[in-house]
Amino acid sequence: MIQDDFSVLEPIIEHLKLHLKDQTVGSYLLSSPIATVLVHLGTCCFKMGATQYKDLVDAAIITFIANAEVNEPKADEIATQITEYITNKKIKLLDVIVALKENLTSEEDSKREKALHCLSCVLSKLHPDQLLRNEISVIFNFYKSKFDDDVLMKSTLDGMNSLMGMKYISVTEITALLELLKDEYDAGKFLAATRFFPFQILETMFRTSKDKIVGTPTLNNLFIATFIQIATGEKDPKNLLISFKLNKIVTQEFENVEEFKEPLFDILFAYFPITFKPPKNDPYKISNSDLKLALRSALSSSSIFAHDVFSNLIDKMSASSPNVKNDTLLTMKACIDSYGGRHCVESWLPLWTSLKFELIHNSEGTESSMLNPVTNEVVNAKKSVQSNYQVALDVMKSLAFELEAFDDDEFEKFFYHVFEELKPNFTYDKDLKQSCNILASIASANLITFNKVITETLPLFLENTSEIPKLKLLLMNLSFFLDAYVNVFGETKKETLGQVIVPDNKMFEYKDEILMILGMGLTGNSKLEVTVRTLSVIQFTKMIKMVGYLSRDEISLIVQYMTETILTDSNKNIYYACLEGLKVISDFYEDIVFEISLKRMLDLLPNNASEFIHFTDDEVIPIERILKIILDFTTSRHILVQESIIYLCSKLSVVSKIGSSNDYCFLLLSTLYSLFENNVSLITEEDADFIKSTVEPDLLKIMITDAPIATDDHNLSLLSNVLFFMNLKASISTHQEELNRYNGIFIDEFQILEKPSRFTLPYTKILCGLDKNIKFESAQEVLQMTINLLKKNGLIQSRFENVGYLELLMVLSNKWLSEDVVEQFFDYSDKSIINLEIMTWLGRGLVMKNSKFSTKILENFIKFLSDEQVGPFVAKLFEVFVIDINSLQKFKGINWNNNVKLLYKQKFFGDIFQILVDSYKQTTVLTVKCNYLTALSLVLKHTPSTLVEPFMNDLLPLLLQALEMPNAEVRVSSLGTLKDTAEKFHQLVTDNVNTLVPILLKLVLPEKYNTISVRLLSLQLLELLTTTVPINYCEEFKADVINGLLKPLSDKKRIVRKQCIDTRQAYFELGQVPFE
Amino acid sequence: MSEFINENPDVIEIDDLPSRKEDVSRDILLGSVGNEMTLQRKKLLLSIDDSKSKVLQNLELLDKLLLINPPELTSDEESIEESDDEELNAEGPTDVVDAQEIYDLTAHISDPEHPLSLGQLSIVNLSDIEVHDCGDPKKMAEVVIRITPTITHCSLATLIGLGIRVRLERSLPPRYRITILLKEGTHNSENQVNKQLNDKERVAAACENEQLLGVVSKMLLTCL
Amino acid sequence: MGIKLAKSLKLQNDKLWSLDYSHGLLATGSTDRKIKIINVTNAPRGQVSLMDVLDDTVHKKAIRCVAWRPHSNLLAAGSFDSTVSIWTREDDLEEEEDDDEGEGTTNSLEMDLLAIIEGHENEVKGIAWSHDGALLSSCSRDKSVWIWETDQDGEEYECISVLQEHSQDVKHVVWHPELPLLASSSYDDTIRLWKDYDDDWECAAVLNGHEGTVWCSDFEKGKNGESIRLCSGSDDSTVRVWRYIDDDEDGQQEWICEAILPKVHDRQIYSVSWSTNGLIASTGSDGTLAVYKEVSNGDDEHDWEVIAKQELCHGVYEANIVKWIDINGNMMLATGGDDGCVNLWNWTD
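Residues numbered from 1 in each chain as written. Chains lettered and ligands numbered in written order. Predicted model: local features only at pLDDT ≥ 70, side-chain atom pairs only at ≥ 80, totals over all residues. Heavy atoms only, no water.

Per an unreviewed UniProt entry, chain C carries the name Probable cytosolic iron-sulfur protein assembly protein 1 and comes from Naumovozyma castellii. Looking at the Function (unreviewed entry) heading of the UniProt record, one finds this comment for chain C: "Essential component of the cytosolic iron-sulfur (Fe/S) protein assembly machinery. Required for the maturation of extramitochondrial Fe/S proteins." (UniProt positions renumbered as here; feature names shortened; annotations may be inferred.)

The annotation that UniProt attaches to chain B under Sequence similarities (unreviewed entry) is "Belongs to the MIP18 family."

Encoded structure:
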């Protein structure tokens, strides 16, 4: 009830506050209706001065109590208000107490509680130096008097806490409070929220009065005792967090801790291993790991725990839960690291014993993971939670490190003990992996431990053996010690190459032997020993990463090994191991790799494809492999790329001299092309200029003189693209004169505009590469002549020439001619094949730059589709508008080569889609319908499905019809789109699945328009349905599909059969639960 | 059953399993529009670069453009016929079912007791597969496959055999008769197992046993 | 003289395991758990009609075998689900036969479940009615042969004997057309004959000789017991003819393997059938349907000859069963195969 009455008044009192700030408050009030209200409140407001504030306080208190627990923010606001009055000396804190009196003494618990709560709130908001010495003691005693009132305990403690934070707090109060808490306070009676305050109080005391407390032995002990008292038996996570924190403070900052070490330890370890699952909406957002870490850091904070901690942790190691183990091990490590070697002296033996058990019995990592060319560390690093095995090893490392740092002899004792226990394993090949892991982790600690381990251990297994299993083991075990080296001395870095000075260490003594063994492992074994060979290569690679370990000569030797291996061994693992190795090495020593590896390989390339490459007397290496290797490992390696390009070009000009070397030339050109394509951004202007000046003359020469290039469509087009890349990257400053030069060569010399020529394509590609901003006066003239040439009926014989000229039109209209000029060349009335093609290519040039004319052009083309005569052909032409032409693509960081708008396809598709769909629906002539669909699906083929999404709902029905059009390509592209659709729009496909499946079951059968691709795609789509369509739908047509796919099982093409089998299997397994 | 399990079988690297080298042809044929020549070139190309090669795209582009031929406006019929023949030629010769194909179907089935495939464990070997097929779709054909259990008393031989049979019955056209045998002298109860594996009625019954199907489907998971 | 396809009827996509003929009606059982009843009275003229498809929820697994009960309209079906079901048809079968010309196509018939017989541990593989319809025999992968006794209306079945001498699955059982003599074929490569020694069924003979599973056997018909012969087909791709010689002192029957028929098949033989006029038909995995005839070669020696052969009688699929059927005096062969078809063949001497 109380609450109701007062809450009515809230707004009024709000008002009041405002007005009182006003000068004319008094007079205003007289005439204010509010006055009457206040009379009701039993207060008289027309007295001015302090009293008036008291009234305010009363009012405020009433509001506070009204809101406490109901609307805390509001209550808090009021408290702040009151605090302000105090801070501005308008009233004293005592006034507040007086004002609260009535409530404080009320019979109603809630009234009392809220009242004291109000006071404590205010108190907590006061500035630390607000209260004077005596005020503090008065209020303290006031609170003290409440200490036996359990209802008030929370607020009491809250207030006490605030007091302890006050500047003028004295030892007397501190002592008194500590004693209160120690003797009078019974944590068991209160809720977690209340229990929190005692901890907070201690924290505050420590913050404000550390020196006083720690300075006075009695107080020091009292504090600790009190802490132990309140911390014992605590269960609440939030309180535990602060308890652990305090525990750490005590052990680290306080005197005479030894005396209390048992209880202090108990109130920590009692909780180990701590596990806590935060409730759904936990306000404190405390996670399990917060607690884990807090506890861990408390335990490891002080070496006084050393004895207890270690013995207890060792017990925990027997736990079955891997998580407990993990926590235990990590805590072990933390303790060892922070206690230091001195405190491990008495515990290392039992520690080792339990660790050994863990390590020997729970090994991890299989041979296969070792065989991963990408080294293991990387793999481990990826795991967020470290495996217990790994942590246990880390503990060994810490142990070794701390013991050694503390005292060499202790370390020696430790090491030799461990060593002697593991030694027998080497004789009996038992638990070798673990033993080596352990020793290697000891070695990883520092230089001294490293030397010690290496000296003692390597001799145990480092022997040149011919027994494969032994060698396998040797190589795996060795790797751990190589890792240890990296851990101690670091990894090779490009930046610090040759700068890092590695202290002399024992590993050096074994260098030659290791190199020898690895060399043997790689070369001395039959190719069948994949594992051994791969391991050798991986270890070689590791050694490269060992900073300052190998000399250039030795590295060269390794490069040589790897090169020979990669050239002569066709096993995938080994191939990739070597590739990885060569890449790593070329990261640091590109020059060596170039000299020893690349040069060598290039030199192996014969001049005549018919020659065999005799590498060693018995090895014959296919040309393809060399080129593949070059492509695979030069990528993004500056020197390597450039050298390869130059070398291969000169090789090309030799090879092309030999007639019928087309295929060999093709391989070389493909490699060149890829080298450019893969490294566009890597190649600098300087490189390009250099490459160009070195190789271009030859290239142009062989282009016209040598048949294998001049007369071979593929080769000539590849060469043209190589020329494109060269010019694209060549310094822009040269482009202008280069254009003039090329015009000289192609137009004047080769006269490509006078008579049909195959060399128009190279010319076109070169233009593609040149800067669009350079002057090209004759551009329009060239365009005109090209068109004339094209239109001269039957003059151009080969399609290849034709394409060259058409592309030329596109480049000119895109780069050097104004839209309006180009537009004049469009004559929609002339439906001759050639004119249609000309308009298409000119059109594409414009469309790509989102020209204002493109819409008009496209509308006209769509009109052509309805033309019985040319329709089918125009449909095909639509593909030309969107098909990707690599020499017109956008390259990162290059903006000068063309006017291609990034989103032109989107615009294009948007422009045509609706018109096509509508026209399709309107017409009744099947052939014309087919034209629209063909055009549409050919366009779709080259349009990213993301652009198509918005149109999907209208599109799907058409796609389904397209599947039955008598045209393989239409079916293919429609199937392609349907596949994307099925992946993205499950619902849409599900709705249509009953139409789709029967059609697909027709398309999987060999028949005139069901080409391999059609059959294959249909089968893939059917398989896709099992994963995208809800199973209950699939069940409906499961039987039909399984049965309908019987025939395709005997398709003439293996790939179709394979896919059919996979698809069928997918349906057989529908709803089948694999047995576990 | 654990004592039957062969703890450490010899394992072959997956990459070292016998395989059909030119299988890349899949990628080629998919985008295939061109003629024999181009096909040939693409194969060459894939010997030095992967199927994502830009060169490949470039070849296809060129072919595409070369193929946008003006239609014979006079006689449409013929031109279509021609293009149709081209389509057929483009498909190239028939790939006959051979031992390798059967091997590929079965080698990747996983062993019920090891996390490894039958191929890796040399339970299925290319040399132990025979295909008898006159190629005539109207006639029956036969596949004989001899399997080598990891150890002579491997009690799971029958299960492995069943897995292989189910795999092959699902994968081969109905005209194929499938005979699965244990390689001579590789098993203590060779004959019983053989008889069991080739008893159509028992196999059929097994295939109606949910639990068995479950095990088999787990073995076949690795086939796709 | 020869075999000519009269009608091929595709009933489903999966294996058709079994068929049986009686009173113009052909019953089939198949993997899809369906039993189908087909009117074949006009089959010789290439006309057949599907009359009824029995409730396919009765059996939980494939139907392996079906058998009409003589002199009644009861049908028994054995399934991999280890049970045997008994079905009856309400309407009167006389009517069925009288109305000729294009019947079947006209009226259909209704068959309802009458009883379910449980007992076998696992797959039932064969069932057969004794010539008088009083006894039903069933066999299973559980290596046993059971003999059930039933009354006129066939609702109650009492197991009177469980015969367990076979060491492996029993694939097939067949009764002698006139005598209380039962033959069972087994995965243990033997055939056993069983007869009633004063109300106690016991093994009367074991026929050894086949070198593989014996899938099926059939007795010679129409000899009024004066001579007893049995033919059998096996995994070893041979068909053998066995003759009963005499009983020995302790009542055991003496049998000899009289002949191995000329080799036709090169794979498992799944089914043999002995016609009323002495012809044997066989078929199996190789899909060949062969007919053999016994011809005398002078001195009362007899040889068997292959007188007709039909390859790929179910296309490239295996054939599971063959039966001679006599439709109003027309000799026909009915075969069932993995292609789910029933093929009806006209036989001309």
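Read on, since the account is not over.
Along its length, chain B carries 9 helices and 3 strands. Tracing chain B from N to C terminus, the helices and strands come up as α-α-α-α-α-β-β-α-β-α-α-α. Every one of the 224 residues in chain B was classed for burial, and the buried ones make up 52%. Restricting the contact set of chain B to residue pairs at least 6 apart, pairs at least 24 apart contribute 66%. For chain B, the computed accessible surface area is about 10100 Å², with 53% contributed by carbon and sulfur atoms. (Helix = DSSP H or I, 4+ residues; strand = E, 2+ residues; numbered from the N terminus. Buried < 20%, exposed > 50% of the residue type's maximum accessible area, 1.4 Å probe, protein only. Contact = heavy atoms within 4.5 Å. Areas by Shrake-Rupley, 256 points an atom, 1.4 Å probe, with all protein chains shown as cover.)

To continue, consider the interface of chain B and chain C. A common measure of how large an interface is: the accessible area buried when the components associate. With 21 residues of chain B at the contact, the number on the chain C side is 32 residues. A combined buried area of about 2000 Å² lies between chain B and chain C, and 50% of that area is made up of carbon and sulfur atoms. Put simply, chain B and chain C have 11 salt bridges between them. When the shortest N-O distance is used, the salt bridge between C:Asp189 and B:Lys195 registers 2.4 Å. Here chain B and chain C share 16 residue pairs in polar contact (both at pLDDT 80 or more) between them. Elements represented by at least two residues in the side of chain B that touches chain C include exactly β3 (176-182), α7 (190-197) and α8 (200-206) of chain B. At 5 residues, α8(B) tops the list of elements feeding residues into the side of chain B that touches chain C. Residue classes in the side of chain B that touches chain C are distributed as 5 nonpolar, 5 polar and 11 charged. (Buried area = accessible area lost by both parts, 1.4 Å probe. Salt bridge = Lys/Arg side-chain N within 4 Å of Asp/Glu carboxyl O. Polar contact = N/O pair within 3.5 Å; in protein donor to acceptor, adjacent residues only side chain to side chain. Nonpolar A, V, L, I, M, F, W, Y, C, P; charged D, E, K, R; others polar.)

This part is about the side chain of A:Asn451. Positionally, A:Asn451 belongs in helix α24 (residues 447-461). Residue classification places A:Asn451 among the buried positions, given a relative accessible area of 16%.

Okay, the pattern of salt bridges next. Overall, the coordinates contain 81 salt bridges over all chains when judged by the stated rule. The partner of C:Lys171 in a salt bridge is B:Asp199, and the shortest N-O contact between them spans 2.7 Å. With C:Lys171 in strand β14 (residues 170-175) and B:Asp199 in the loop between α7 and α8, this pair bridges two chains. Judged on exposure class, the residue C:Lys171 and its partner B:Asp199 are both buried. Across the salt bridge formed by C:Arg243 and C:Glu258, the nearest N and O atoms sit 2.4 Å from each other. Of this pair, C:Arg243 sits in strand β20 (residues 239-247) while C:Glu258 sits in strand β21 (residues 253-260), and the two are 15 residues apart along the sequence. C:Glu258 sits in the partly exposed class, given a relative accessible area of 31%.

Another aspect to go through is the pairing of strand β16 (residues 191-197) of chain C. Within a regular beta strand, the side chains point alternately toward one face of the sheet and then the other, so they alternate between its two faces. All names here are of chain C. Taken across its 7 residues, β16 has 6 buried, putting it largely inside the fold. Inspection of the sheet shows strand β15 (residues 181-186) paired to β16 by 5 bridges, in the antiparallel sense. Each bridged residue has a counterpart across the sheet, and for Leu 181 the counterpart in β16 is Lys 195. Pairing between β16 and strand β17 (residues 200-207): 7 bridges, direction antiparallel. Each residue of the ladder has a partner; that of Arg 192, found in β17, is Val 206. The loop that links β16 with its antiparallel partner β17 comprises 2 residues; one of these, Asp 198, has a positive phi angle of about 20 degrees. (Pairing = 2+ DSSP bridges.)

Another aspect to go through is the UniProt feature "repeat: WD" (unreviewed entry) in chain C. When the UniProt feature table is mapped to this numbering, "repeat: WD" (unreviewed entry) covers residues 56-87, 117-158, 163-195, 207-242 and 332-349 of chain C. End C-alpha atoms of residues 332-349 of chain C are separated by 11 Å, and the span's content is 0% helix alongside 78% strand.

This next bit is on unusual backbone geometry. The peptide bond linking A:Phe272 to A:Pro273 adopts the cis configuration, its omega dihedral lying at -10 degrees. Topologically, A:Pro273 is positioned in the loop between α14 (261-269) and α15 (288-299). A positive phi is found at C:Asp198, a non-glycine position, where the angle reads about 20 degrees. The residue C:Asp198 is located in the loop between β16 and β17 in this model. Overall, C:Asp198 belongs to the exposed group, its relative accessible area being 72%. The phi angle at C:Asn328 is positive, at roughly 40 degrees, despite the residue not being glycine.

All names here are of chain C. Within the open sheet, the 4 strands sit side by side as β2-β3-β4-β5. Their pairing is antiparallel. Edge positions in the sheet fall to β2 (16-22) and β5 (49-53), since each of these pairs with one other strand and no more. Looking at each pair of strands side by side, their axes are set apart by 25 degrees on average, direction ignored. Looking at chain direction, strand β4 (residues 35-39) and β5 are connected through 4 bridges and run antiparallel. Each residue of the ladder has a partner; that of Ile 37, found in β5, is Asp 52. (Axes fitted to C-alpha atoms, helices over the stretch in contact; angles between N-to-C directions.)

Take the interface of chain B and chain A next. At the junction of the two partners, chain B supplies 64 residues and chain A supplies 75 residues. Summed over both partners, the interface of chain B with chain A buries about 6200 Å², with 58% contributed by carbon and sulfur atoms. Counting every contact that joins chain B to chain A gives 7 salt bridges. B:Asp98 is the partner of A:Arg1054 in a salt bridge, and the nearest nitrogen-oxygen pair spans 3.8 Å. Connecting chain B to chain A are 18 residue pairs in polar contact (both at pLDDT 80 or more). Listing elements by their share of the side of chain B that touches chain A, those giving two or more residues are α1 (25-30), α2 (36-46), α3 (54-67), α4 (76-91), α5 (99-107), α6 (157-171) and α9 (210-220) of chain B.

Next up on the list: the nonpolar core. Counting 433 residues, the largest nonpolar core has A:Met507 and A:Phe746 as its most contacted members. Residues from two domains meet in this core; each of domain 1 (24-70) and domain 2 (95-220) of chain B gives at least three. Apart from residues lying up to four places away in sequence, A:Phe746 is in contact with A:Leu700, A:Met703, A:Gln751, A:Ile752, A:Phe759, A:Pro762, A:Tyr763 and A:Ile766. Counting 18 residues, the second largest nonpolar core, distinct from the first, contains C:Leu11, C:Tyr21, C:Val48 and C:Val342. (Core = buried A, V, L, I, M, F, W, Y, C linked by side-chain atoms within 4.5 Å. Domains from an automatic or database assignment.)

Right, let's get into helix α6 (residues 93-104) of chain A. Residue and element names in this part refer to chain A. All buried positions along α6 are accounted for by Leu 93, Val 96, Ile 97, Leu 100, Asn 103 and Leu 104. For α6, the angular spread of buried residues about the axis comes to 95 degrees, placing them on one side. Seen from the open side of α6, the exposed residues pointing more than 90 degrees away from its buried face are Val 98, Lys 101 and Glu 102. (Arc of directions from axis to C-beta.)

Turning our eyes to something else, we now look at the packing of aromatic side chains. Residue and element names in this part refer to chain A. Within the structure shown, the criterion is met by 54 aromatic pairs over all chains. Between Tyr 485 and Tyr 549, the aromatic rings sit 5.2 Å apart at their centres with planes inclined by 65 degrees, giving edge-to-face as the arrangement. Here the residue Tyr 485 occupies a position in helix α25 (residues 468-489), and Tyr 549 occupies one in the loop between α27 (530-545) and α28 (552-568), the gap between them amounting to 64 residues. We note that Tyr 485, like Tyr 549, is buried. (Phe/Tyr/Trp six-rings, centres within 6.5 Å; stacked < 30°, edge-to-face > 60°.)

Our next topic: the sheet that holds β21(C). Residue and element names in this part refer to chain C. A sheet is described by the order of its strands in space; here 4 strands give the open sequence β18-β19-β20-β21, paired in antiparallel fashion. Lying at the two open borders of the sheet, with one neighbouring strand each, are β18 (214-219) and β21. On average, adjacent strands in this sheet sit at an angle of 30 degrees to one another, irrespective of strand direction. Note that β18 and strand β19 (residues 229-234) share 5 bridges and pair antiparallel.

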